[in-house]
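# Architecture at a glance
What follows is each chain in one-letter form.
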Amino acid sequence: MGTIDASDLLPADRLQAAALEGDITQLHRGDPHASVGDTFEIEGTTFEIVEVSERRLGDLTDEDARAEGSSDLEAYKRRIERTHGTTWDDENTAYRHRFEPID
């Protein structure tokens, strides 16, 4: 367990703002960017990583998409394709990082 920089997990200001508002409670990344128990801070609020798990993209749900700030899975897929310049492949994997405020 350690302290990570918020921008290592949430690289955009809008993602950090959404985490502060509770609109984002998890983020999938291509590689693990933290470990369970790690903490990070955004504007005086401390968050703790409560889960890191590798998942197949085809197993993601609408609930996952909402936890990452999208309205549903189709909107999430479109956003990921646009942001990363890639085509969604259900067989690819990513690491889910779930976090919660602890203050």
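The rules we used
Residues numbered from 1 in each chain as written. Predicted model: local features only at pLDDT ≥ 70, side-chain atom pairs only at ≥ 80, totals over all residues. Heavy atoms only, no water. Helix = DSSP H or I, 4+ residues; strand = E, 2+ residues; numbered from the N terminus. Salt bridge = Lys/Arg side-chain N within 4 Å of Asp/Glu carboxyl O. Buried < 20%, exposed > 50% of the residue type's maximum accessible area, 1.4 Å probe, protein only. Arc of directions from axis to C-beta. Contact = heavy atoms within 4.5 Å. Pairing = 2+ DSSP bridges. Polar contact = N/O pair within 3.5 Å; in protein donor to acceptor, adjacent residues only side chain to side chain.

In the annotation of an unreviewed UniProt entry, the entry for the protein chain reads ASCH domain containing protein, and the organism field reads Natrarchaeobaculum sulfurireducens.

## Let's talk about the environment of Gly58
Among the secondary structure elements, Gly58 is positioned in the loop between β3 (45-56) and α3 (62-67). Distance in space between the C-alpha atoms of Gly58 and Asn92 is 7.9 Å, their sequence separation being 34 residues.

## As for the pattern of salt bridges
Close approach of charged atoms lets side chains of opposite charge pair. On inspection of all chains with the given rule, the structure shows 7 salt bridges. Counted as one network, the salt bridges with shared partners bring together Glu51, Arg55, Asp64, Arg96 and Arg98.

## Notes on helix α2 (residues 13-21)
When we look at burial in α2, the residues that qualify are Leu15, Gln16, Ala18 and Ala19. Viewed end-on, α2 has its buried residues packed into an arc of 160°, placing them on one side of the element. Of the residues in α2, the exposed ones pointing more than 90 degrees away from the buried face are Asp13, Arg14 and Glu21. Against α1 (6-9), β1 (26-29), β2 (39-42), β3 and β4 (93-101) lie the buried residues of α2. Gly22 lies just past α2 and shows a positive phi near 85°.

## Digging into the environment of Gly30
One can find Gly30 in the loop between β1 and β2. The exposure class of Gly30 is exposed, given its relative accessible area of 52%. Distance in space between the C-alpha atoms of Gly30 and Leu10 is 13 Å, their sequence separation being 20 residues.

## Some thoughts on the pairing of β3
Pairing analysis gives 4 bridges linking β2 to β3, with the strands arranged antiparallel. Counted as the bridge partner of Glu41 is Thr46 from β3. Where β2 folds back onto β3 in an antiparallel hairpin, the turn is made up of 2 residues, including Glu43, whose phi is positive at roughly 45°. Sheet topology note: the β3/β4 ladder contains 9 bridges and is antiparallel. Bridging across to β4, Val52 finds its partner in His97.

## A word on the side chain of Arg55
Its location among the elements puts Arg55 in strand β3. By relative accessible area, Arg55 is classed as buried at 14%. Here the side chain of Arg55 touches His28 through a polar contact of 3.3 Å, side chain to side chain. Reaching out from Arg55, the side chain makes a polar contact with the side chain of Asp64 at a distance of 3.1 Å. When sequence neighbours within four positions are dropped, the list of residues in contact with Arg55 reads His28, Leu60, Asp64, Asn92, Thr93, Ala94 and Arg96.

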